[in-house]
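# Descriptive structure summary
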Amino acid sequence: MRINVTRSSMPDFEEFCREIRPLWDSHWLTNNGDKLLELQRLLQAYLDVPEVSLFTNGHLALEALLEALALRGEVITTPFTFASTTHAIVRRGLTPVFCDIRESDYTLDPERLEELVTEKTCAILPVHVYGCLCDTDAIQAVADRHGLKVIYDAAHAFGVRRGGVSAARFGLASMFSFHATKVYHTIEGGAVATQSAELAQRLALARNFGITGPDDVVSVGGNAKMNEFQAAMGLCNLRHLEDEIAARRHVHQRYTDRLDGVRGLRLPPSQPGVDSNFAYFPLVFAGGRAVRDAVCEALAREGIYARKYFYPLVTDFACYRGRPDFDTSRLPVARRVSDGVVTLPLYPGLADADVDLICRIVREAVAHA
Ligand SMILES: *Cc1c(COP(=O)(O)O)cnc(C)c1O
């Protein structure tokens, strides 16, 4: 038997069939159909923001957001993220400037932020990581001092709240990914959440060729619309979201109970006042890459596939290595965490016995490494 790092949540087959049945009657498959409009309304309520723009995936949502804001110059961001964050910046003709992360929760370190601001800086693009939230107040304070826009990669933060405040309410806008492997998904999909109606208007243009009416095209937009089948999957999955997060919490807690106190490994950070979505279970090994890789190999021998997420750092990707315009020198924390990290399998329905087996393998591998 094979255990992967994640397994996509599926609604009941009959429930999905009921949801897509009207599409056979209407023949309306995309372009702001009923399913998309209903999902948009429900997500605005769930995320507690007045504007949610739905996209065919999270990455194109992020590119559209950078396009809609007409940013130019440097964007301060984190190297401890998925390729998408940095690629979006570079593909929009902007220059990423990498800020180190903090040890406490692996998010962008606000203490290191201000020294990176130059006259070319236009925006800050931090990433909420593993269900932990960035220090949004400290980041906003720096942004306000320098007149910078803050946009969040919130791909890991769907459903996360701090003091009851939705992750979607921080900064000027947040991108969410609804990829099949995320806590909440629409097969492929994504969204930008914002409180700015004007920004939402510009996102609608970026998403649909700049078309405003049958005879009018006002900007050079691309195509990144979510279709009705994606929205239908989203409607089904949204009904079960609270149960899914509760099931993830159970797995997360079981791992924590069984790995707490093991020498040489650090458990996932937890943040006071934050309701996590339990998206991932990252372990960081003090012994670094050698121990981490030994643990991964021990798991793989039993058919268990954990993931080195995020390793390597974005700045070490072949496509970015050695770029003279990227300063990648001052990232000691990101480098250490990336070298030591592995995320264990975590999804609703992962059996208690499998969690226990994984913990036993991890404990033995660490002891022998
Ligand atoms: C998944 C993810 C993305 C990209 O989202 P897609 O929907 O897969 O395009 C961007 N950033 C982070 C941190 C992610 O985990």
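Heads up: the structure comes first, above all this text.
A quick note: this is a predicted structure, and the numbers were derived from the prediction, not measured.

Quick notes on the rules
Residues numbered from 1 in each chain as written. Predicted model: local features only at pLDDT ≥ 70, side-chain atom pairs only at ≥ 80, totals over all residues. Heavy atoms only, no water. Pairing = 2+ DSSP bridges. Helix = DSSP H or I, 4+ residues; strand = E, 2+ residues; numbered from the N terminus. Near = heavy atom within 4 Å. Polar contact = N/O pair within 3.5 Å; in protein donor to acceptor, adjacent residues only side chain to side chain. Areas by Shrake-Rupley, 256 points an atom, 1.4 Å probe, with all protein chains shown as cover. Nonpolar A, V, L, I, M, F, W, Y, C, P; charged D, E, K, R; others polar. Buried < 20%, exposed > 50% of the residue type's maximum accessible area, 1.4 Å probe, protein only. Contact = heavy atoms within 4.5 Å. Salt bridge = Lys/Arg side-chain N within 4 Å of Asp/Glu carboxyl O. Axes fitted to C-alpha atoms, helices over the stretch in contact; angles between N-to-C directions. Phe/Tyr/Trp six-rings, centres within 6.5 Å; stacked < 30°, edge-to-face > 60°. Lys NZ or Arg CZ within 6 Å of the ring centre and 35° of its normal.

This part takes up the sheet that holds strand S7 (residues 165–166). Overall, antiparallel pairing links the three strands, which are arranged S7-S6-S13 in an open sheet. Only two strands of the sheet have a single partner each, and these edge strands are S7 and strand S13 (274–275). In terms of strand pairing, strand S6 (residues 161–162) meets S13 through two bridges, oriented antiparallel. Residue pairing in the sheet places Arg161 in a bridge with Asp275 of S13.

Before going further, it helps to examine the site of the ligand. Neighbouring the ligand are 16 residues, the closest being Gly58, His59, Asp153, Ser177 and Lys182. Between an oxygen atom of the ligand and a side-chain N or O atom of His156, the distance comes to 3.1 Å. In this structure, Ser177 approaches the ligand through a side-chain N or O atom, which is 2.7 Å from an oxygen atom. Isolated, the ligand exposes 390 Å² of accessible area, and the fraction of that covered by the protein chains is 94%. Of all the elements in the fold, those that place two or more residues in the shell around the ligand are helix H3 (58–68), helix H4 (83–91) and strand S8 (173–177). Of the residues belonging to the shell around the ligand, the class tally is four nonpolar, 10 polar and two charged.

Now for the side chain of Glu19. Tracing the chain through its elements places Glu19 in helix H1 (residues 13–26). Since its relative accessible area comes to 7%, Glu19 is described here as buried. Contact partners of Glu19, with chain neighbours within four places excluded, come to Lys35, Ala232, Leu235, Cys236 and Arg239.

Glancing now at the environment of Thr343. Tracing the chain through its elements places Thr343 in strand S15 (residues 341–344). Between the C-alpha atom of Thr343 and that of Arg161, which follows or precedes it by 182 residues, the distance is 22 Å. Contacts of Thr343, omitting those with residues within four sequence positions, involve Val5, Tyr130, Tyr280, Phe281, Pro282, Ala306, Arg307 and Tyr309.

Further remarks concern the pattern of salt bridges. When the charged atoms of two side chains lie near each other, side chains of opposite charge can form a pair. One pass over the full model with this rule turns up 20 salt bridges. Asp48 is the partner of Arg169 in a salt bridge, and the nearest nitrogen-oxygen pair spans 3.9 Å. Placement of Arg169 in the loop between S7 and S8 and of Asp48 in the loop between helix H2 (34–47) and strand S1 (51–55) is noted, with a sequence separation of 121 residues between them. In this structure, Glu67 and Arg92 form a salt bridge, with 3.7 Å as the shortest nitrogen-oxygen distance. One end of the pair, Glu67, is in helix H3; the other, Arg92, is in the loop between H4 and strand S3 (95–98), with 25 residues separating them in the sequence. Of the residues examined, Glu67 reaches a relative accessible area of 26% and is grouped as partly exposed. Connected via shared salt-bridge partners are Glu15, Glu19, Lys35 and Arg239.

Right, let's get into the sheet that holds S1. Reading across from one edge, S1-S9-S8-S5-S4-S2-S3 is the order of the seven strands in this open sheet, with mixed pairing throughout. This sheet does not close on itself; its edge strands, each paired only once, are S1 and S3. Direction aside, the axes of adjacent strands within the sheet are offset by 25 degrees on average. Sitting on the sheet, H3 is in contact with S1, strand S4 (121–125), strand S5 (149–153), S8 and strand S9 (190–194), with an inclination near 160 degrees to S8. With respect to the sheet, H4 is in contact with strand S2 (74–77), S3, S4 and S5, its orientation differing from that of S3 by roughly 140 degrees.

A few words now on the packing of aromatic side chains. In this structure the tally under the stated criterion is 17 aromatic pairs. Aromatic pair Tyr130 and Phe310: ring centres 5.9 Å apart, planes at 15 degrees, arrangement stacked. Of the two residues, Tyr130 is situated in the loop between S4 and helix H5 (136–146) and Phe310 in the loop between helix H9 (288–301) and helix H10 (332–340); the sequence distance between them amounts to 180 residues. Owing to a relative accessible area of 3%, Phe310 belongs among the buried residues under this scheme. With centroids separated by 5.3 Å and ring planes inclined at 40 degrees, the aromatic side chains of Tyr280 and Tyr309 adopt a geometry described as tilted. In this pair, Tyr280 is assigned in the loop between S13 and strand S14 (281–285) and Tyr309 in the loop between H9 and H10, connecting sequence segments 29 residues apart. Here Tyr280 falls in the buried class, since its relative accessible area comes to 14%. Joined through ring pairs, the aromatic side chains of Phe80, Tyr106, Tyr130, Tyr280, Tyr309 and Phe310 make up one cluster. One cation-aromatic arrangement involves Arg292 over Tyr311; the distance from NZ or CZ to the ring centre is 4.3 Å.

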